[in-house]
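The primary structure of each chain is shown beneath.
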Amino acid sequence: MSVSPLQGVTHACFALSYLCALLLEIARLLWPATGWRLASLAFGGAGIVAHTAYILYNQPTPAAPYGSLLLLAWVLALFYIYGTIHHAKQAWAVFVLPVVLGLVVLSLVLVSMNPASTRFHVPDWAAANRFWGAIHGLLLLLGAVGVSVSFVASVMYLMQARRLRNKVLPDDVAPILSLERLETMNRRALNIAFPLLTAGLFLGSLLLPEAYRFGGNWLSVKVVSTAGLWLVFLLLVYLRYGVHVPARRLAWLSILAFGLLLMALVASHPFAVGGGS
Amino acid sequence: MNLRAIGCNVESATVELREKLAFDPVKTQKALAELNARYAAEAVILGTCNRVELYLARPETMAPLHAPLMAEFLSEVHGLPAQEIAPHLYEHADAAAVRHLFRVASGLDSVVLGESQIAGQVKEAFEVAQKANATGAMLNTLFPAALRVSKRVRSETGISQGHVSVSSAAVDFVRQVFDTFTDKTVLVIGAGKMGRLTLNHLAELKPAAILVTNRNAARAEESARNCRGRVIPWEQLDDALVQADIVLSTTGAAEPIVSRTRFEEKVRRRRAGRTLLIFDMAVPRDFDPDIHDGDTVSLFNVDDLKRVADRRMAERRRHIPAAEAIVNTEVAKFVADWNRRANGPIIGQLTAEVDKLRETILGPLLAKMNGKLTDTEKASIEQAFRLFQNRLLHGPIAALQEASLEGHGGLREALRKLFGLK
């Protein structure tokens, strides 16, 4: 029986690669030298390769908390590489990689607490809705990417705004994009994430009544936190386009939205057998 | 290596003398040609607003060029008495000259520590000399090395980090807030000298519009002409503040012209949460400092900007030891490499001379013993002579290489004389 070389790829491979990339980025900011950036990118790239291999081999389902966290981390890792190359002078990785690492670690914690959380079993009664379930999951995953990007942009925005309030310049220690650019990034993330979340939730709400006829709970953590996330996004859209609230307050709300997203991702799906808790 | 760096800078000469010693392009060409022809020296002339320096290299067999002689040369070029120049000239020889150039190119010898303009000026001076055929093996190796060292120092230390002038600190703040400038409006209030440089920097960002307002309409017109701006009547200041993204205020008013109440009531409400950056360069200040909220309105006065500039300079100073360490390492490497390179011909000649000597002795000896020796015995004798030659030369060659690593080429001369090499 042949053993796939991908079988040997574990969480540790990509988590440690991302960690090394992050430490090298921090070192680059503290002791500027050209070598750090290349080494950091090499580790980051290796992390993504290992992460991709792991996903291809294990095919984690986005419907299970474990899979959704891993897939979201993977997309954000791509976002990290893109940003690090595109905004070469900025401390991009220092903000994005901790989120990637956090998601990977969270997925690991879930597995260690409950090894069964890697699996997602679609019950027989829901098998007919498998296609729409997948669309629902994909829309929400893409929406989650938007929420995560908005979170990263918001954290950077608040840090940059804090510097300005205190009248200090970054002095190249941790250069961040301009407030205007971060605000634009945040706005675009919101513009993309909100329709995706809305469509995903709408689809989910059409599927849920079926599930609850078999004992599901409308007040499950996942449903409540996802609904909360959508409401926060609705509020964000209103505050941004309706009443022109200062960007700093919008940034705080975006951070709250990311918190709700994590809750929604970590909570088990009410569709799953035994879910809804 | 017979290299000299002779010149004066802000510390050794007054600005008046430096101005008199400045080289224009015509004088530079003439002086380079003269240094080549008269002194058989490779030459590069480095002239900036802070220094005038001659880098001179001659073959090692010739006497070095010293500062008094160059004072006479400069006196001849610029028509000044040599005794007026000589006391202000410094002279760095060989490794010290290499070190001086490396420090200059890295901005370690600059008035504004770590400034990057000097590297470009060193490069330009070298290129001018190269085009004039005034450089040779020594300076063609030295100057590219200096530019490499400059690059290394700047990339591996924080010696050039951040801008250290008040006006550039203002522009840095602007860049922290805005990303694109082609849709931004800059409002200039007043016509004070303090803001002129900052306005020049801001104008380089190519904003969509520059509005100028002043109590004195004629001065507003003049300022607007200088910066290609549009005049706004003083009475419309509030409207202009609503429209602006960046404000530069430099009036000579004794009292603040924009109080917090005026700003809140007549400006902030009408801005729909848009970000505003205000640079109050006036003393006394034009804007009430309480207007600053660090969110939609950020207000910086001269002290704020000066504090940033001073802090950056202090930060740059922190990197001096690391930068000096790089320079010292590179100087040692350059000098050792250069001397090793210079040893090549001497070692070659020495080996050839002794080869010739060996042949002169061994040839007749073997001829005399022809028929009495087998081929193996002949080969053994040849091998023994070769071994003797190698053992004999090993000491001098090793000592020569060692002296090169230590940075002096005196032994090279000694070997030349001892073995009668050319």
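Undergrad: I'd love a proper account of the pattern of salt bridges, names of residues and values included.
TA: Tallied over the full model, the rule gives 34 salt bridges over all chains. A salt bridge links Glu 180 of chain A to Lys 184 of chain B; the nearest nitrogen and oxygen atoms lie 2.6 Å apart. On the criterion of chain membership, the pair formed by Glu 180 of chain A in helix α6 (residues 179-212) and Lys 184 of chain B in the loop between α8 (166-177) and β5 (185-189) is interchain, its members lying in two chains. Here Lys 184 of chain B falls in the buried class, since its relative accessible area comes to 4%. Taking the shortest distance from any N to any O, the salt bridge between Glu 34 of chain B and Arg 38 of chain B comes out at 3.0 Å.

Undergrad: A description of the domain arrangement of chain A should follow, citing residues and the corresponding values.
TA: All names here are of chain A. Partitioning chain A into domains gives domain 1 (8-117) and domain 2 (127-272). On the domain 2 side, the residues contacting the 21 residues of domain 1 number 25 residues. Summed over both sides, the interface of domain 1 with domain 2 buries roughly 2,000 Å², with 82% coming from carbon and sulfur. Of all residues in domain 1, the largest losses of buried area upon contact with domain 2 belong to Leu 72, Gln 90 and Phe 95, amounting jointly to 28% of the total for that side.

Undergrad: So what about the sheet that holds strand β9 (residues 276-280) of chain B? Which residues, and what values?
TA: All names here are of chain B. The strand order across the open sheet built from 6 strands is β7-β6-β5-β8-β9-β10, with neighbouring strands paired in parallel fashion. Of all the strands in the sheet, just β7 (230-231) and β10 (297-301) have a single pairing partner and so form its edges. Bridge analysis of β5 against strand β6 (residues 209-213) gives 5 bridges, and the strand direction is parallel. Across the sheet, the residue bridging to Ile 189 is Thr 213, located in β6. Running at roughly 75° to β10, helix α13 (residues 302-318) makes contact with β9 and β10 of the sheet.

Undergrad: Lay out the packing of aromatic side chains with the relevant residues and their values.
TA: Following the criterion strictly, the structure yields 11 aromatic pairs over all chains and no others. Site record: aromatic cluster; members linked through ring pairs are Phe 14, Tyr 18 and Tyr 54 of chain A.

Undergrad: Talk me through the interface of chain B and chain A; I want residue IDs and the actual numbers.
TA: The partner chain A presents 22 residues to the 29 residues of chain B that form the contact. In this assembly, chain B packs against chain A so that about 2,200 Å² is buried in total across both faces, 49% of it on carbon and sulfur atoms. The three residues of chain B that bury the most area against chain A are Gln 176, Asp 179 and Asp 295 of chain B, which together make up 28% of that side's buried surface. If you look at where chain B meets chain A, you find 11 residue pairs in polar contact (both at pLDDT 80 or more).

Undergrad: Any details on the domain arrangement of chain B? Residues and values, ideally.
TA: How big an interface is tends to be expressed through the accessible area that disappears when the partners come together. Domain annotation for chain B reports domain 1 (3-161), domain 2 (166-314) and domain 3 (335-419). One C-alpha centre belongs to domain 2 of chain B, the other to domain 3 of chain B, and the line joining them spans 77 Å.

Undergrad: Go over the sheet that holds strand β4 (residues 90-93) of chain B with me, naming the residues and quoting the values.
TA: Residues and elements named next belong to chain B. The sheet built from 4 strands is open, its strands ordered β2-β3-β1-β4 with antiparallel pairing. Only two strands of the sheet have a single partner each, and these edge strands are β2 (42-47) and β4. Averaged over all pairs of adjacent strands, the angle between their axes in this sheet comes to 15°, without regard to strand direction. Along the sheet face, helix α2 (residues 25-39) touches β2 and β3 (51-57) and points at about 150° away from the line of β2. Sitting on the sheet, helix α6 (residues 117-131) touches β2 and β3, and the angle it makes with β2 is about 140°.

Undergrad: Could you give an account of helix α10 (residues 217-227) of chain B, naming the residues involved and the relevant values?
TA: Residues and elements named next belong to chain B. Where α10 is concerned, the buried positions are Ala 220, Ser 223, Ala 224 and Cys 227. Along the axis of α10, the buried positions cluster into a sector of 100°, meaning they face one direction only. Exposed residues lying more than 90 degrees from the buried face of α10 are Ala 218, Arg 225 and Asn 226. The distance from a side-chain oxygen at the start of α10 to the backbone nitrogen of Ala 218 is 3.0 Å, and the residue carrying that oxygen is Asn 216. A positive phi of about 55° marks Arg 228, the residue just after α10.

Undergrad: Hey, could you go over α2 of chain B for me, with residue numbers and the actual values?
TA: All names here are of chain B. Here α2 spans 21 Å end to end across 15 residues, near enough to the 21 Å set by a 1.5 Å rise per residue. Buried residues of α2: Thr 28, Ala 31, Leu 32, Leu 35 and Tyr 39, and no others. Along α2, the residues classed as buried sweep out an arc of 100° about the axis, all on the same side. Facing away from the buried side of α2 by over 90 degrees, the exposed positions are Val 26, Lys 30 and Ala 37. Lining the buried residues of α2 we find β2, β3, α3 (67-78) and α6. A positive phi of about 50° marks Ala 40, the residue just after α2.

Undergrad: Help me get a handle on the pairing of β6 of chain B, residues and values and all.
TA: Along any regular strand the residues' side chains alternate between the sheet's two faces. β6 of chain B sits mainly inside the fold: 4 of its 5 residues count as buried. Crossover connection from β6 of chain B via α10 of chain B to parallel β7 of chain B: handedness right-handed.

Undergrad: If you had to explain the pairing of β5 of chain B to someone new, which residues and values would you point to?
TA: Residue and element names in this part refer to chain B. Here β5 lies mainly inside the structure; 5 of its 5 residues are buried. Side chains Thr 185, Leu 187 and Ile 189 project from β5 onto one buried face, and the interleaved Val 186 and Val 188 project onto a second face that is buried too. One ladder, built from 4 bridges, connects β5 with strand β8 (residues 246-249); its direction is parallel. From the neighbouring strand, Ile 189 faces β8, where its bridge partner is Ser 249.

How each quantity is defined
Residues numbered from 1 in each chain as written. Chains lettered and ligands numbered in written order. Predicted model: local features only at pLDDT ≥ 70, side-chain atom pairs only at ≥ 80, totals over all residues. Heavy atoms only, no water. Salt bridge = Lys/Arg side-chain N within 4 Å of Asp/Glu carboxyl O. Helix = DSSP H or I, 4+ residues; strand = E, 2+ residues; numbered from the N terminus. Buried < 20%, exposed > 50% of the residue type's maximum accessible area, 1.4 Å probe, protein only. Domains from an automatic or database assignment. Contact = heavy atoms within 4.5 Å. Buried area = accessible area lost by both parts, 1.4 Å probe. Pairing = 2+ DSSP bridges. Axes fitted to C-alpha atoms, helices over the stretch in contact; angles between N-to-C directions. Phe/Tyr/Trp six-rings, centres within 6.5 Å; stacked < 30°, edge-to-face > 60°. Polar contact = N/O pair within 3.5 Å; in protein donor to acceptor, adjacent residues only side chain to side chain. Arc of directions from axis to C-beta. Expected span 1.5 Å × (residues − 1). Right-handed = clockwise from strand over helix to strand, strands pointing away.

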